[in-house]
Number of protein chains: 2
Amino acid sequence: MRWTKTYIPTFKENPKGCEVKSHILSIRAGLMSPLFSGVNIYLPLGWKILLKIVSIIREEMERIGAQELLLPSLSPSSLWEETGRWKEYGKDMFKFKDRKGGDMCLAPTHEEIITEIARNGIKSYRDLPQIWFQIQTKFRDEPRPRGGMLRAREFIMKDSYSLDTDEKSFEKSYSLHRTAYQNIFKRCSLDFVIVTASSGLMGGSLSEEFMVFSKTGEDAIVICENCGYKANRDIAVSNTNDSADRCPKCGEKLKIKNAIEIGHIFRLGEKYSRAMGAFFLNTNGDREPIIMGSYGIGVERIMACVIETKSDNNGIIWPPSIAPYKFLIIPLNVRNTETRKLSEKIYKEILAQKYEVLIDDRDETPGTKFKDADLIGIPFQIVIGEKGLDKGVVELVKRDGKKKWEIDKERAVSEILQIS
Amino acid sequence: MRWTKTYIPTFKENPKGCEVKSHILSIRAGLMSPLFSGVNIYLPLGWKILLKIVSIIREEMERIGAQELLLPSLSPSSLWEETGRWKEYGKDMFKFKDRKGGDMCLAPTHEEIITEIARNGIKSYRDLPQIWFQIQTKFRDEPRPRGGMLRAREFIMKDSYSLDTDEKSFEKSYSLHRTAYQNIFKRCSLDFVIVTASSGLMGGSLSEEFMVFSKTGEDAIVICENCGYKANRDIAVSNTNDSADRCPKCGEKLKIKNAIEIGHIFRLGEKYSRAMGAFFLNTNGDREPIIMGSYGIGVERIMACVIETKSDNNGIIWPPSIAPYKFLIIPLNVRNTETRKLSEKIYKEILAQKYEVLIDDRDETPGTKFKDADLIGIPFQIVIGEKGLDKGVVELVKRDGKKKWEIDKERAVSEILQIS
């Protein structure tokens with residue numbers, strides 16, 4: 001891709017009113033642009049990263065045998081009244097009437113819709129187990145949207161739902177998800193911990209959260225360095241019935257750390273299947289409620305957490321797995337014929353090898369190009385300038401740690417591909 | 001994929017209240033399930049087909065240099081008031097207030113949002129031309145939703161927008177889209193015609209529609225077999241100022257045919273850029289309004305049109321380019337050991353060759369399996385039964401036209417891959 005043919009609006013100054021690092025950097029690097037409170041536009045560079053995250057999620061969900069489908073955002077009030085959540089969600093749910101006066105909402109999650117499918121379509125134990133997932137837009141009218149992608153009113157979520165005949169079968173579905181989530185976050189280069197948490201509006205018994213440590217995180221988690229107990233502070237407080245200073249398991253003093261949840265897995269049990277009548281016939285021909293689980297990942301939150309944890313004072317440092325491009329070619333002066341010719345040659349050769357490469361073919365100063373290169377954080381920069389060319393070399397710079405190599409200009413591409 | 005591990009709920013009977021063929025077949029084949037009026041659930045098989053259509057669209061849009069981004073569905077009233085469309089859309093737009101009382105809507109199209117990005121980010125002629133596209137959910141509160149996927153209240157659209165400095169540059173963007181659309185529809189095996197049409201609420205000068213002939217189509221188009229004139233009947237009426245019996249170009253009698261629009265391309269001109277103040281500095285340093293175009297494709301409509309035109313009395317006949325699987329293996333009796341073993345062997349060998357294959361491993365009668373196979377319309381059926389095995393053969397059946405081959409069971413996979 002040529003910089004002049006795509007749209008990457010970068011900014012030198014921090015945007016006004018933004019305090020969270022990922023919010024600031026995602027705007028400055030031209031990844032996204034806020035439209036209004038809690039609602040974002042994803043620009044080409046940011047969307048490319050989100051699509052890579054989506055691919056990783058899709059691969060890992062398919063690996064555990066999950067079936068992808070797509071549920072609608074529009075939802076009739078009747079389904080939510082069956083479970084009591086029409087009222088429970090209150091103002092957090094966008095509710096309105098359609099042109100015929102029917103009450104409807106934008107689904108903030110999809111347990112009710114999944115249970116509706118199950119009660120119509122699942123007849124017997126032979127139709128189970130099922131794991132269904134979607135990568136879809138969610139809407140929540142947050143009272144205080146913040147941090148750009150961290151707490152938005154419209155966001156992309158991978159949500160999946162397991163349907164099982166009994167606890168034993170459910171344990172397998174739950175454990176498959178736990179493994180899939182670990183793989184997804186590892187592939188996105190996120191260091192995470194898994195903590196026990198409360199289930200909130202989702203209901204059911206206990207749940208587990210996947211958390212990334214971050215100073216800007218909204219959640220407090222407690223960790224016992226003695227016995228390994230880890231929990232969301234809320235649940236630790238309710239377990240210990242006090243201020244959660246001490247571990248409820250071994251009594252040692254707990255550490256408290258801030259952490260921006262990236263995944264949450266819930267044991268729903270029979271809550272939804274009983275409320276909405278989703279039953280199956282067991283091997284004896286008796287009716288039993290389906291045992292359900294619910295599992296969420298915030299797609300933009302992964303992007304935000306990577307920025308929070310993989311960046312320096314100059315900008316973002318993308319892990320190769322989700323980088324928008326692997327290489328950024330920087331011709332320092334496009335008016336210099338040799339620079340331009342060699343840059344184009346290297347660009348075309350890398351493209352021909354099927355690597356993703358961006359060339360900064362703008363007629364800008366080297367200073368601007370270097371600043372933008374560090375800001376947008378492509379893993380490898382290939383710098384082509386007159387000084388180097390006089391010595392017969394181009395420079396390969398690793399964005400992560402600033403390791404540099406001087407590469408013979410004649411066999412630049414083969415050497416670059418070998419090193420990177 | 002194993003039929004027993006995925007979720008394909010098929011129905012022998014036509015669903016009640018459905019009259020349109022694609023609506024009936026998409027429900028009966030387990031592709032989708034209506035949630036409520038004009039709002040659909042896409043089940044695994046249907047979603048797999050839609051993802052293939054999305055891939056084709058993405059490839060062809062990237063081929064013309066279009067940049068993918070993602071715009072939000074939530075939109076503040078203020079932007080729509082600038083162009084007058086807050087009122088113009090009337091009840092066709094889902095409008096509501098957020099928890100703080102702010103007026104907002106679900107965007108039925110995205111010209112206002114694109115113009116908002118352009119007026120903030122496009123500074124000079126050096127930032128142009130741009131083509132931006134997204135594949136995203138649209139919401140329109142249709143007074144009469146119909147035909148399942150044909151006229152829904154929530155649907156997926158590829159919408160793109162071109163930004164140019166002048167008419168000449170715009171003509172290129174428009175013509176690139178015309179070519180991309182032709183490629184997309186051809187790759188989806190749709191026979192289409194391009195007709196001139198009116199621009200309706202989109203504004204701007206004339207537009208062109210891509211139409212597929214279909215008895216259930218909602219649009220009437222007129223065709224002159226003498227001079228080749230083709231137009232939406234509405235525009236022909238306004239051009240001829242009468243009942244549009246005669247061609248406005250050559251005066252010959254016009255033919256009228258029914259046809260369910262699959263794509264629409266619009267010359268917006270300066271309508272949005274002037275209304276919202278999206279200007280750029282030209283080479284002389286003077287401010288000029290950006291020349292815009294807008295281009296839409298209904299993703300589910302492609303699926304519906306393929307079903308309308310590629311099906312017989314038994315079910316759907318998917319073109320290979322968008323078929324959910326290339327092969328369907330049908331072991332006629334899974335309780336027969338030789339049948340089961342050979343079916344599994346063929347299944348694993350085809351998978352190892354990286355082809356998409358579904359095996360009907362259900363313990364069902366041959367009659368049910370044959371009916372379901374024809375209904376869901378996978379291009380090639382591999383039938384494995386005791387009669388054939390006694391002769392040392394399996395049967396390869398082409399869904400399109402029912403051509404059959406007897407294949408030596410020992411080298412089944414290599415022969416099947418060669419024939420198909």
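Residues numbered from 1 in each chain as written. Chains lettered and ligands numbered in written order. Predicted model: local features only at pLDDT ≥ 70, side-chain atom pairs only at ≥ 80, totals over all residues. Heavy atoms only, no water.

### Things to note about the interface of chain B and chain A
On the side of chain A, 52 residues touch chain B, which itself brings 52 residues to the contact. On the chain B side of the contact with chain A, Tyr7(B), Leu70(B) and Arg99(B) bury the most area, a combined 16% of that side's loss. Seen at the junction of chain B and chain A, the total is four salt bridges. As a salt-bridge pair, Arg153(B) and Asp98(A) come within 2.9 Å of each other at their nearest N and O atoms. Broken down by class, the residue content of the side of chain B that touches chain A amounts to 29 nonpolar, seven polar and 16 charged. (Contact = heavy atoms within 4.5 Å. Buried area = accessible area lost by both parts, 1.4 Å probe. Salt bridge = Lys/Arg side-chain N within 4 Å of Asp/Glu carboxyl O. Nonpolar A, V, L, I, M, F, W, Y, C, P; charged D, E, K, R; others polar.)

### As for the relation of the copies chain B and chain A
When chain B is fitted onto chain A, the two copies agree to an RMSD of 0.1 Å after a turn of 180 degrees and an axial shift of 0.0 Å. In symmetry terms, the pair is related by a two-fold rotation axis. Judged by C-alpha distance, Phe96(B) is the residue of chain B that lies nearest the rotation axis, at 3.0 Å. A share of 100% of the interface residues of chain B reappears at the interface of chain A, consistent with the copies meeting face to face through the same patch. (Least-squares fit on C-alpha atoms with pLDDT ≥ 70 in both.)

### Overview of the packing of helix α1 (residues 21-28) of chain A against helix α9 (residues 299-309) of chain A
Residue and element names in this part refer to chain A. The N-to-C vectors of α1 and α9 enclose an angle of 100 degrees; their axes lie 8 Å apart at closest approach. Here α9 runs roughly perpendicular to α1, going by the angle between their axes. Across from Lys 21, Ser 22, Leu 25 and Ser 26 in α1, the residues of α9 making contact are Ala 304, Ile 307 and Glu 308. Looking at the contact of α1 with α9, its residues break down into three nonpolar, two polar and two charged. (Axes fitted to C-alpha atoms, helices over the stretch in contact; angles between N-to-C directions. Helix = DSSP H or I, 4+ residues; strand = E, 2+ residues; numbered from the N terminus. Parallel < 35°, antiparallel > 145°, perpendicular 65-115°, else oblique.)

### Some points on the packing of helix α2 (residues 44-63) of chain A against helix α6 (residues 167-187) of chain A
All names here are of chain A. The contact between α2 and α6 brings their axes to 9 Å, and the two run at 155 degrees. When the axis of α2 is compared with that of α6, the two are roughly antiparallel. Two packed elements cross with a definite hand, and for α2 against α6 that hand is right-handed. Contact with α2, carried on its side by Ile 56, Ile 57, Glu 59, Glu 60, Met 61 and Arg 63, involves His 177, Ala 180, Asn 183, Ile 184 and Arg 187 of α6 and no other residues of that element. Residues of the contact of α2 with α6, tallied by class, amount to five nonpolar, two polar and four charged. (Left-handed = near helix turned anticlockwise from the far one by under 90°.)

### Focus on the pairing of strand β11 (residues 220-223) of chain B
Residue and element names in this part refer to chain B. Here four bridges tie β11 to strand β13 (residues 255-258), and the two strands are oriented antiparallel to one another. Pairing of Val 222 across the sheet is with Ile 256, part of β13. Linking two consecutive strands that pair antiparallel, namely β11 and strand β12 (residues 230-232), is a turn of six residues; a positive phi of about 90 degrees is found at Gly 228 within it. (Pairing = 2+ DSSP bridges.)

Honestly, it's all geometry; don't read function into it.
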